[in-house]
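Given next are the chains, with one letter for each unit.
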There are 2 protein chains.
Amino acid sequence: MEFKVRFSGRAHRYTDEEIATVARAMQDAEPLTQGGHLAAFQEKFRAYAGVPHAFAVHTATAALELAAELCLLKPGDEVLMPSHTYTSSAYPFAKRGAKLVWADIDPATRVVSAATLGERITGRTRVIVVPHLYGFCADMPAILALAKPRRILVVEDAAQSLGTEIGGVHSGAFADFGVFSFHSHKNVSTLGEGGMLAVRDERYARLIPALRHNGHCDFPSPQREYWIPAMSNLDLPELDGRRLNVVNCCLGEVECALGAKLLERIDAINADKRRRALAFIDALADRPELEFHRVADRRHNYHLLAARLATGKRDEFIRRMAGVHGVQCVVQYYPLNRYAYYEKLGFGEASCPYADDFFDNMVSFPFQHSLGDAELDYVLGATRKVLASL
Amino acid sequence: MEFKVRFSGRAHRYTDEEIATVARAMQDAEPLTQGGHLAAFQEKFRAYAGVPHAFAVHTATAALELAAELCLLKPGDEVLMPSHTYTSSAYPFAKRGAKLVWADIDPATRVVSAATLGERITGRTRVIVVPHLYGFCADMPAILALAKPRRILVVEDAAQSLGTEIGGVHSGAFADFGVFSFHSHKNVSTLGEGGMLAVRDERYARLIPALRHNGHCDFPSPQREYWIPAMSNLDLPELDGRRLNVVNCCLGEVECALGAKLLERIDAINADKRRRALAFIDALADRPELEFHRVADRRHNYHLLAARLATGKRDEFIRRMAGVHGVQCVVQYYPLNRYAYYEKLGFGEASCPYADDFFDNMVSFPFQHSLGDAELDYVLGATRKVLASL
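J.: How would you summarise the overall build of chain A if you had to cite specific residues and measurements?
T.: Looking only at helices and strands, chain A features 13 helices and 16 strands. For chain A, the spread of C-alpha atoms along the three principal axes comes to 80 × 55 × 40 Å. Taken across its 390 residues, chain A has 57% of its residues classed as buried. When contacts within chain A are restricted to residue pairs at least 6 apart in sequence, long-range pairs at least 24 apart make up 72% of them.

J.: How would you summarise the domain arrangement of chain A if you had to cite specific residues and measurements?
T.: Residue and element names in this part refer to chain A. When the domains of chain A are assigned, the result is domain 1 (16-262) and domain 2 (266-389). Look at where the C-alpha atoms of domain 1 and domain 2 centre, and you get two points 27 Å apart. Looking at the side of domain 1 that touches domain 2, the elements with two or more residues in it are strand S3 (99-103) and strand S6 (165-166). Here the side of domain 1 that touches domain 2 is composed, by residue class, of 17 nonpolar, 11 polar and 4 charged.

J.: Which residues make up the sheet that holds strand S14 (residues 290-292) of chain B, and what values do they have?
T.: Residue and element names in this part refer to chain B. With respect to topology, 3 strands assemble into an open sheet ordered S14-S15-S16, the strand pairing being antiparallel. Looking along the sheet, the strands with just one partner apiece sit at the ends: S14 and strand S16 (362-365). Along the sheet, successive strands turn relative to each other by an average axial angle of 35°, direction set aside. Pairing of strand S15 (residues 305-309) with S16 involves 4 bridges; the strand directions are antiparallel. Bridging from a neighbouring strand, Ala307 pairs with Val363 of S16. Against the sheet, helix H10 (residues 314-323) engages S15 and S16, with an angle of about 25° to S16.

J.: Describe the relation of the copies chain B and chain A, listing the residues and the values that go with them.
T.: For the pair chain B and chain A, the superposition axis carries a translation of 0.0 Å, the fit reaches an RMSD of 0.0 Å, and the rotation angle comes to 180°. Each copy turns onto its partner about a two-fold axis. The share of interface residues of chain B whose copies in chain A are also at the interface is 100%, consistent with both copies meeting through the same surface.

J.: Before we move on, could you go through the sheet that holds strand S8 (residues 177-181) of chain A and cite the residues and values that matter?
T.: Whenever strands of a sheet pair, they do so through backbone hydrogen bonds, lying parallel or antiparallel. All names here are of chain A. Read from one edge to the other, the open sheet built from 7 strands follows the order S1-S9-S8-S5-S4-S2-S3, with strand pairing classed as mixed. This sheet does not close on itself; its edge strands, each paired only once, are strand S1 (53-57) and S3. Within the sheet, the average angular offset between the axes of one strand and its neighbour, ignoring direction, is 20°. Here 5 bridges tie S1 to strand S9 (residues 195-199), and the two strands are oriented antiparallel to one another. Looking across to S9, one finds that Val57 is bridged to Gly195. Sheet strands in contact with helix H2 (residues 36-49) are S1 and S9, and its direction is about 130° off that of S1.

J.: An account of the pairing of strand S9 (residues 195-199) of chain B is needed here, citing residue identities and associated values.
T.: All names here are of chain B. Burial of S9 is extensive: 5 of the 5 residues sit out of reach of the surface. Side-chain alternation along S9 places Gly195, Leu197 and Val199 on one buried face and Met196 and Ala198 on a second face that is also buried. In this sheet, S9 lies alongside strand S8 (residues 177-181) in antiparallel orientation, the contact comprising 5 bridges. By the bridge assignment, Phe180 is partnered in S9 with Met196.

J.: Explain helix H6 (residues 140-147) of chain B residue by residue, including any values.
T.: Structural remark: α-helix, 3.6 residues per turn; residues separated by three or four positions point the same way. Residue and element names in this part refer to chain B. Every buried residue of H6 is listed here: Met140, Ile143 and Ala147. Summarising the axial view, the buried residues of H6 lie within an arc of 65°, below the 170-degree limit, and thus occupy one face. Turned more than 90 degrees from where H6 packs its buried face, Pro141 and Ala145 sit exposed. Contacts made by the buried residues of H6 are with helix H5 (114-118), strand S4 (125-131), strand S5 (153-157) and strand S6 (165-166).

J.: How would you sum up the nonpolar core? Please name residues and give values.
T.: Counting 261 residues, the largest nonpolar core has Ala67, Val179 and Leu197 of chain A together with Ala67, Val179 and Leu197 of chain B as the members making the most contacts within it. Every residue in contact with Leu197 of chain B, bar those within four places of it in the chain, is listed here: Phe55, Val57, Ala63, Leu66, Ala67, Phe177, Val179 and Ile208 of chain B.

J.: For the interface of chain B and chain A, give the residues involved together with the corresponding values.
T.: Contacts between the two partners involve 58 residues from chain B, matched on the other side by 58 residues from chain A. For the side of chain B that touches chain A, the secondary-structure elements that each account for two or more residues are helix H1 (16-28), helix H3 (60-70), helix H4 (91-95), strand S11 (233-234), helix H8 (253-262), H10 and helix H11 (340-344) of chain B. Broken down by element, the residue count for the side of chain B that touches chain A peaks at 5 residues, all from H1 of chain B. In terms of residue class, the side of chain B that touches chain A is built from 28 nonpolar, 19 polar and 11 charged.

J.: I'd like to hear about helix H13 (residues 373-389) of chain A, residue by residue, with values.
T.: Residues and elements named next belong to chain A. Taking 1.5 Å per residue, 17 residues should reach 24 Å; H13 reaches 24 Å between its end C-alpha atoms and fits that length. Those residues of H13 lying buried are Val379, Ala382, Thr383 and Val386. For H13, the buried positions fall inside an angular range of 105° around the axis, keeping them on one side. Structural note: H13 exposes Asp373, Ala374 and Ala388 on the side pointing more than 90 degrees away from its buried face. Where H13 is buried, its residues touch helix H10 (314-323) and strand S16 (362-365).

J.: Describe the packing of H1 of chain B against H8 of chain B, naming the residues involved and giving the relevant values.
T.: Residues and elements named next belong to chain B. Across the interface, H1 lies against H8 with an axial gap of 9 Å and an inter-helix angle of 150°. By the angle between their directions, the pair H1 and H8 is classed as roughly antiparallel. Crossing of H1 over H8 shows right-handed handedness. Together, Glu18, Thr21, Val22, Ala25 and Met26 of H1 and Glu253, Val254, Ala257, Leu258, Lys261 and Leu262 of H8 make up the contact between the two elements.

J.: Talk me through unusual backbone geometry; I want residue IDs and the actual numbers.
T.: Each neighbour pair has its own omega, and for Glu30 of chain B with Pro31 of chain B the value is 0°, a cis peptide bond. Assignment of secondary structure puts Pro31 of chain B in the loop between H1 and helix H2 (36-49). The amide bond that connects Ile228 of chain B to the next residue, Pro229 of chain B, takes the cis arrangement and shows omega of 5°. Take Pro229 of chain B: it is sitting in the loop between strand S10 (216-217) and S11. The phi torsion at Tyr333 of chain A lies on the positive side, around 65°, for a residue other than glycine. You can see Tyr333 of chain A is positioned in the loop between H10 and helix H11 (340-344). Positive phi is not limited to glycine here, since Tyr302 of chain B has a value of about 45°.

J.: I'd love a proper account of the packing of H2 of chain A against helix H8 (residues 253-262) of chain A, names of residues and values included.
T.: Residue and element names in this part refer to chain A. One can describe the packing of H2 onto H8 by two numbers: an axis separation of 8 Å at closest approach and a directional angle of 30°. Taken as axis vectors, H2 and H8 run roughly parallel relative to one another. Crossing hand, H2 versus H8: left-handed. Across the interface between the two elements, His37, Leu38, Ala40, Phe41 and Lys44 of H2 pack against Glu253, Cys256, Ala257, Gly259 and Ala260 of H8. Class assignment of the residues belonging to the contact of H2 with H8 gives a composition of 6 nonpolar, 2 polar and 2 charged.

Thresholds, definitions, all that
Residues numbered from 1 in each chain as written. Chains lettered and ligands numbered in written order. Predicted model: local features only at pLDDT ≥ 70, side-chain atom pairs only at ≥ 80, totals over all residues. Helix = DSSP H or I, 4+ residues; strand = E, 2+ residues; numbered from the N terminus. Buried ≥ 20, exposed ≤ 12 C-beta atoms within 10 Å, placed from the backbone. Contact = placed C-beta atoms within 7 Å. Domains from an automatic or database assignment. Nonpolar A, V, L, I, M, F, W, Y, C, P; charged D, E, K, R; others polar. Pairing = 2+ DSSP bridges. Axes fitted to C-alpha atoms, helices over the stretch in contact; angles between N-to-C directions. Least-squares fit on C-alpha atoms with pLDDT ≥ 70 in both. Arc of directions from axis to C-beta. Core = buried A, V, L, I, M, F, W, Y, C linked by C-beta atoms within 7 Å. Expected span 1.5 Å × (residues − 1). Parallel < 35°, antiparallel > 145°, perpendicular 65-115°, else oblique. Left-handed = near helix turned anticlockwise from the far one by under 90°.

Put into structure tokens, the structure is as follows:
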């Protein structure tokens, strides 16, 4: 189908300055991976997000895999998360033998809350994964108040919420692990793939460089010469007596140079998106059947612009938006329990009526940052016409 | 230590045209991952290397992880490989429960041969990993003649040997799996990280796109609309009744666009390196104590320029090259069994006298493609002086 306004898999354009940054790093970086740009990006990110330690990795999924590895899951451990999220929030834990327990979302915010999580906590709950979906930071203070006394580890999946905050604390900076994404869809992207893992615990921070890079680490005693006993060491990282699996998920120097540059623009992009989202939402205030989640402050970056259509006519809405007006709306976050992947693992059942209802009635509008004002106006006009026609 | 000539972690410079290719892809690619540049790179690579199926991934390690996953290892299975290689050739198999068995290298070629592998094959040998180390293609016809009648899977680790061939067949195109690298050190690099997995078996080829990308695959029956039942499907890949673990190791579009462009230059880079290596080797023909592996045809791309110093004075040679002349030689491929990583896994013992001897007496000269003629002449002059002084 040919669309006039597509739901793009790419969120933003690069400025000339950003392209020049990449060209310069292509010329100057030596080596092209694991060098000075990595260190500089991590340091700049740490300062930006207010996190104690930050490690750039190839994808947010890789960051979630590292977090899952560090959670030291044992058979029977339960990992609690919403069914309404992207698969990367979940499968690294399933892969390590955890029992996934699906929590419902709050119908107003479309993310998990202390209430929806609290009713699923058991004595075996070892980890809670909190995706700040759509770019809205879940109520982390309340969730931590629930988790900490029970010694439950908390992973914030802040893949969509970079730059959002509650009370001056950034999403991803509240919990044991904060996962960030620079994937093509995200508000800023390091050439299509990229991620960051933030941790608070020094023990994790000491292990991650080796976990991320094939087990490379210092020799137990200083090398006698730079090549003796060898150029570099490899060891098996251990945490609390458990051996951890290493991987190779390093982010290249050029991507890191670009990532550092993009951090200068993320607040402006978020502000643009928030302003446009609020204008779009307010322009449809007379159509209350389209239920948006309106948040006027930095707690929401409107990575995505999603609404619930209360009339039960969602599919016809999307059909007409596409067929009559050429606007590609999409539907997001098929409840994970409905995928064959999770059914086969025994996680096909969920009691998450709000997640199901939201998925079955939601619509996500084209909202990439690169969308022109005229295009967004066109989407708004089409929305009004289709709502009127239904 | 400050060096006049460093052993660089970066193999080559980018041309203006290559930088322009990256700038163009940054502007045009949509999405920035899993799009048209990926498909084009894979197709161009397939044609270049003469492989039936090729899948771009984030690193050669990721390609080895996928290969190891597809090998369907069972407890007790043995995986045979040289101790003289980089760790990524080995640990994906150890991680999956295989018993690693170390084969020796051939002292003339410094890679494994049918003879060195043959003496370690048992009834439990399930996989042989053949690294074409230094850029020299091992004797694949002989190795396959050994493996195939025994139904042993063969993985070619062609990370260093892109573009080399025997009888017109490229390294990486002989065996069940061919692994290629575009890491910073390699003869061509996709911005520091990148890899490719080539396979012959259609069953593998059908599974890899889902394995590489979080389990994404088609729905079993066509979608009723583009968003029904969801935008995309997730399933658990299975091979011979075994469930496989998915990962996210996609290579971004910009890297793929660059990779496709670099394929136009790899033969020229390889030819340059071979010409320079042969000249360097021949200029030292009067110093037979420095034993090079001289190969004048496309079977060797001289990714690295390595020699054995037969006098037992290797450490003093490197010390003087560095201290007196400011030339950074290095020592490569610490036998894997000597690392704490493999010791702790129970693979600390090896009976590989040639691998040990080569490591203990070898020197690897600075040989990145970006080295100027004057610098390489300087290295040659320093080498002559140090050899004379010893």
